[in-house]
Amino acid sequence: MDLDQMPRGGPDASWWDRRYETRREEYIDRPETGARCRQALRGLDRFQRLSGGYRTYSRLAVAAVGDDVPRPRVLELGAGHGRLARHVLARRPGARVTVSDVNPLVVEALRAGPLGRDRRIEIVRLDATAIDRPDGAYDVAVLTTCLHHLPPSGVAAVLREGTRVARRLLVVDGWRNPLYLAAVPLMALTGGWAQAHDGFVSLRRMYGAAAVHALAERCGAPVRVRTRFVPPAYLAVLAERRADSRRTSAVGRASGERVGPNGGGRAG
């Protein structure tokens, strides 16, 4: 199966799950929609603030770092309004946060705002699927509410790249279940029709845990993922490179052996 043809419920998704899926795009994926795109973005931000989303994401990010790192290096991917960075710094004032987004206009706005004046924060333009940073530059990389915007090949690239530049990668998105469509009217109240439209579409484009595990196996790197449900409606993914692959890589470099993408080596 071509990677981008994988159902978002996973390779063995049921018939009804495949019917539930949609290829329809959200307004925020189409900047040319102008006012509707901006309305949807404002509504999404308001919904996250009212529902406690940013607090949940920051709590999970700090937990992923652990208590043994006094000055954690955190990379936020797909930052948008940059609110996650503020919550992370409130929990861990000693952290150093790189706030990034692929959209240059978003990066420019972040630099002109309060985050741009905080010495603990670096604001850069980065593509989450091809991160221009060296290996192991961060303790944790975080991507929230963005995974469903990517095709399966993009998800695989995020898993590969995020675990390369950071000791751990935390991904948080919505839980894939039609019952959560009941939240669409609430989205309409907080963000209007545009937000309700995007919420309806995004819930049908969420990845299930089975799909994330399958894409980790096919991402071209020895990535291990753990997935779990986080109330009230989140899929949390914690990904890292397998420890045995690091040991194999170290031995391979010392002996001149070339190590393959899945940890297997072959003589040079």
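Refer to the preceding data block for the structure.
Residues numbered from 1 in each chain as written. Predicted model: local features only at pLDDT ≥ 70, side-chain atom pairs only at ≥ 80, totals over all residues. Heavy atoms only, no water.

**Q** I'd like a description of the sheet that holds strand E6 (residues 223–230), backed by residues and values.
**A** An order of E3-E2-E1-E4-E5-E7-E6 is seen for the seven strands of this open sheet, with the pairing classed as mixed. Of all strands in the sheet, those bounded by a partner on one side alone are strand E3 (121–125) and E6. Here the average twist between neighbouring strands, direction ignored, is 20°. Where strand E2 (residues 96–101) and E3 come together, five bridges link them in parallel fashion. Among the inter-strand pairings, Ser100 is bridged to a residue of E3, identified as Val124. Lying on the sheet, helix H4 (residues 83–91) is in contact with strand E1 (73–77), E2, E3 and strand E4 (138–144); it crosses E2 at an angle near 170°. (Pairing = 2+ DSSP bridges. Helix = DSSP H or I, 4+ residues; strand = E, 2+ residues; numbered from the N terminus. Axes fitted to C-alpha atoms, helices over the stretch in contact; angles between N-to-C directions. Contact = heavy atoms within 4.5 Å.)

**Q** Account for the layout of surface pockets, with residues named and values stated.
**A** Taken as a whole, the largest pocket spans an internal volume of roughly 1200 Å³. Leu41, Gly78, Gly80, Asp101 and Val106 are the residues nearest the centre of the largest pocket, which is lined by 43 residues in total. Elements with a contribution of two residues or more to the lining of the largest pocket: helix H2 (35–51), helix H3 (53–65), E1, H4, helix H5 (104–112) and E4. When its residues are assigned to classes, the lining of the largest pocket shows 22 nonpolar, twelve polar and nine charged. (1 Å grid on protein atoms, 1.4 Å probe; cavity = no way out; pocket = protein on both sides within 12 Å on 5 of 7 lines; lining within 4 Å. Points joined across faces, edges and corners; volume = space filled by probe spheres on them. Nonpolar A, V, L, I, M, F, W, Y, C, P; charged D, E, K, R; others polar.)

**Q** Outline the nonpolar core, listing residues and values.
**A** The biggest cluster of nonpolar side chains holds 34 residues, and the ones touching the most others in it are Leu75 and Leu159. Looking at this core, the elements that each hand over two or more residues are E1, E4, helix H6 (152–165), strand E5 (166–174), helix H8 (209–217), E6 and strand E7 (234–241). Sequence-distant contacts of Leu75, defined by excluding residues within four places in its chain, comprise Thr98, Ser100, Leu126, Ile131, Tyr138, Val140, Ala141, Val142 and Val165. If you look at the next biggest cluster of nonpolar residues, it comprises 29 residues, including Leu60, Val99, Val107 and Leu170. (Core = buried A, V, L, I, M, F, W, Y, C linked by side-chain atoms within 4.5 Å. Buried < 20%, exposed > 50% of the residue type's maximum accessible area, 1.4 Å probe, protein only.)

**Q** Can you tell me about the pattern of salt bridges, naming the residues and giving the values?
**A** Pairs can form between side chains of opposite charge once their charged atoms are near each other. Taken as a whole and assessed by the stated rule, the structure comprises 14 salt bridges. Between Arg133 and Glu122 there is a salt bridge whose closest N-O contact spans 3.2 Å. Placement of Arg133 in the loop between E3 and E4 and of Glu122 in strand E3 is noted, with a sequence separation of eleven residues between them. Among the ionic pairs, Arg226 bridges to Glu240, the shortest N-O distance being 3.1 Å. Residue Arg226 is located in strand E6, and its partner Glu240 is located in strand E7; the two are separated by 14 residues in the primary sequence. Assessed through its relative accessible area of 9%, Glu240 is described here as buried. One network of salt bridges, in which partners are shared, links Arg168, Arg224, Arg226 and Glu240. (Salt bridge = Lys/Arg side-chain N within 4 Å of Asp/Glu carboxyl O.)

**Q** Can you tell me about the pairing of E5, naming the residues and giving the values?
**A** Within E5, seven of the nine residues are buried, which leaves the element mostly enclosed by the surrounding structure. For E4 and E5, the ladder comprises six bridges, and the chain directions are parallel. Along E5, the bridge assignment pairs Val142 with Leu170. In terms of strand pairing, E5 meets E7 through six bridges, oriented antiparallel. Each bridged residue has a counterpart across the sheet, and for Val172 the counterpart in E7 is Ala236.

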